Amino acid sequence: MTVLITGAAGQLGTELCLRSKARAHDIVAVNHSELDITNESSINALVAHVKPAVIINAAAYTAVDRAETDSATAFAVNRDGPLYLARACAKADIPLLHISTDYVFDGKKSVPYLETDIPNPQGVYGQSKLEGEIAVASVLDKYITLRTAWVFSATGHNFVRTILRLAKERDELSIVADQTGAPTWAGHIAEVLLKIVDQIHQGKPVTWGLYHYTGSPATTWHAFAVAICEQAFALDMLEKKPIIKPISTSEYPTPASRPQNSVLACAHIQKELRIPQADWRIGLKQILIQWKTQ
Ligand SMILES: NC(=O)c1ccc[n+]([C@@H]2O[C@H](COP(=O)([O-])OP(=O)(O)OC[C@H]3O[C@@H](n4cnc5c(N)ncnc54)[C@H](OP(=O)(O)O)[C@@H]3O)[C@@H](O)[C@H]2O)c1
């Protein structure tokens, strides 16, 4: 069985490729330059050539702030691309595993968001991802859309890399402490997706649809930064721990507004697919060790 992975050079795509090697199925992993998911005829030609048994879409436009002034690209990649992939899957009668985001919510709920809660994105990125979810569900029955959050990995730009750099440069950092969410290691997301692929491969029934999956426990950006510096210090990657000052969102304005609470309830995936949440601090330690030994 062949699995086609799009967006293979991104955080999630890289982890999917790393983990796929140890598995029974064949992988065809294509990066942005090898397949542009906004080009429907390229998708159709590749699917006809590769004949995958399942497609994982790890491609996305993830620049949350840039999306505010580049909405045409954000919608092309995050809405139209998933639509074209879903159409190709429908035509070939194969499943699509797609990824979405906590930023589909407005963050005004005081408890974790359920899959049944009504989305209300606060920015272009969240809106484009929501429209991608809707597009996939509108043309395909056999799909999994996995909403995740605060993704980090050893590759690409992410919060962990930024905090580690700033902690080396400065004695004091000011980090937003009034947004709550759940960091998620891309390695854990990749494991979840490949577990679903294994179920498909083994012919086990899969309950298709929308799922929430993030790391645990929930935290704030401030507490996440503290954890990064503590672990890095413990691993001798920092000479000293910086002072990390908690600040409010209003003290750190960004072009796109972020949800204040974006914690996703992950009971549905645990119940239906028997997939438990994983501790993001394990992923954090893994990537710090990887950077240290590079
Ligand atoms: N990062 C987060 O914090 C976060 C949070 C919640 C949900 N998610 C979701 O999780 C998924 C994986 O995110 P990630 O962090 O792995 O993202 P990422 O590191 O930004 O990777 C996305 C990949 O998609 C590629 N790409 C962009 N436009 C493309 C196109 N038109 N055709 C093909 N490939 C294209 C990018 O290539 P280029 O770099 O060359 O453009 C990049 O390699 C996405 O669906 C994202 O929305 C991410």
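Undergrad: Summarise the overall build of the protein chain; cite the residues concerned and give the values.
TA: For the protein chain, the count of helices and strands is nine helices and twelve strands. At 19 Å, the protein chain has a C-alpha radius of gyration in line with the 19 Å of a compact globule built from 294 residues. Over its C-alpha atoms, taken along the principal directions, the protein chain stretches across nearly 55 × 40 × 40 Å. Considering the protein chain as a whole, with its 294 residues, one finds that 54% of them fall into the buried category. Of all intrachain contacts in the protein chain linking residues separated by at least 6 positions in sequence, the fraction that spans at least 24 positions is 82%. Carbon and sulfur atoms make up 52% of the accessible area of the protein chain, which totals about 13,100 Å². Taken together, the 28 basic and 29 acidic charged side chains of the protein chain have centroids lying 4 Å from each other.

Undergrad: Provide a residue-level description of the pattern of salt bridges, including the pertinent values.
TA: Throughout the structure, instances matching the rule amount to 14 salt bridges. The closest approach of N and O atoms between glutamate 191 and arginine 19, which form a salt bridge, is 3.2 Å. With glutamate 191 in helix H6 (residues 186–201) and arginine 19 in helix H1 (residues 11–20), this residue pair connects regions lying 172 residues apart in the sequence. A salt bridge links glutamate 40 to arginine 87; the nearest nitrogen and oxygen atoms lie 2.9 Å apart. Placement of glutamate 40 in helix H2 (residues 40–50) and of arginine 87 in helix H3 (residues 71–92) is noted, with a sequence separation of 47 residues between them. Residue class for arginine 87 comes out partly exposed when judged on its relative accessible area of 39%. Residues joined by salt bridges that share partners form a network here, namely Glu15, Arg19, Arg23, Glu191 and Asp198.

Undergrad: Explain H3 to me, using residue names and the numbers behind them.
TA: The first and last C-alpha atoms of H3 sit 30 Å apart over 22 residues, in line with the 32 Å expected at 1.5 Å per residue. Aspartate 93 sits one or two positions beyond H3 and adopts a positive phi of about 55°.

Undergrad: I'd love a proper account of the packing of aromatic side chains, names of residues and values included.
TA: Scanning the entire structure with this criterion turns up eight aromatic pairs. Centroid distance phenylalanine 224 to tryptophan 280: 5.0 Å. Interplanar angle 70°. Geometry classified as edge-to-face. Taken together, the residues phenylalanine 224 in helix H7 (residues 221–234) and tryptophan 280 in helix H9 (residues 280–293) connect sequence positions 56 residues apart. Judged on exposure class, the residue phenylalanine 224 and its partner tryptophan 280 are both buried. Above the plane of the ring of tryptophan 280 lies arginine 281, whose end atom (NZ or CZ) is 5.9 Å from the centre.

Undergrad: Which residues make up the side chain of serine 100, and what are the values?
TA: Note that serine 100 resides in strand E4 (residues 96–101). The buried category is assigned to serine 100, whose relative accessible area is 4%. Contact partners of serine 100, with chain neighbours within four places excluded, come to Lys129, Glu133, Thr145, Leu146, Arg147 and Thr148.

Undergrad: Account for the site of the ligand, naming residues and giving values.
TA: Among the 23 residues in the neighbourhood of the ligand, the closest are listed as Leu12, Asp36, Thr62, Tyr125 and Lys129. One of the backbone nitrogen or oxygen atoms of leucine 12 is found 2.9 Å away from an oxygen atom of the ligand. Contact with the protein chains hides 79% of the accessible area of the ligand, taken as 900 Å² for the molecule alone. For the shell around the ligand, the per-class residue count stands at 13 nonpolar, eight polar and two charged.

Undergrad: Go over unusual backbone geometry, please, and point to the residues and values.
TA: In this chain, serine 216 is followed by proline 217 through a cis amide linkage whose omega measures 0°. Despite not being glycine, aspartate 93 shows a phi value in the positive range, around 55°. Here aspartate 93 is to be found in the loop between H3 and E4. A positive phi angle is found at arginine 274, which is not glycine, with a value near 55°. Here arginine 274 is to be found in the loop between helix H8 (267–273) and H9.

Calculation criteria
Residues numbered from 1 in each chain as written. Predicted model: local features only at pLDDT ≥ 70, side-chain atom pairs only at ≥ 80, totals over all residues. Heavy atoms only, no water. Helix = DSSP H or I, 4+ residues; strand = E, 2+ residues; numbered from the N terminus. Rg over C-alpha atoms; globule rule 2.2 N^0.38 Å. Buried < 20%, exposed > 50% of the residue type's maximum accessible area, 1.4 Å probe, protein only. Contact = heavy atoms within 4.5 Å. Areas by Shrake-Rupley, 256 points an atom, 1.4 Å probe, with all protein chains shown as cover. Lys, Arg positive; Asp, Glu negative; His and termini not counted. Charge placed at Lys NZ, Arg CZ, Asp CG, Glu CD. Salt bridge = Lys/Arg side-chain N within 4 Å of Asp/Glu carboxyl O. Expected span 1.5 Å × (residues − 1). Phe/Tyr/Trp six-rings, centres within 6.5 Å; stacked < 30°, edge-to-face > 60°. Lys NZ or Arg CZ within 6 Å of the ring centre and 35° of its normal. Near = heavy atom within 4 Å. Polar contact = N/O pair within 3.5 Å; in protein donor to acceptor, adjacent residues only side chain to side chain. Nonpolar A, V, L, I, M, F, W, Y, C, P; charged D, E, K, R; others polar.

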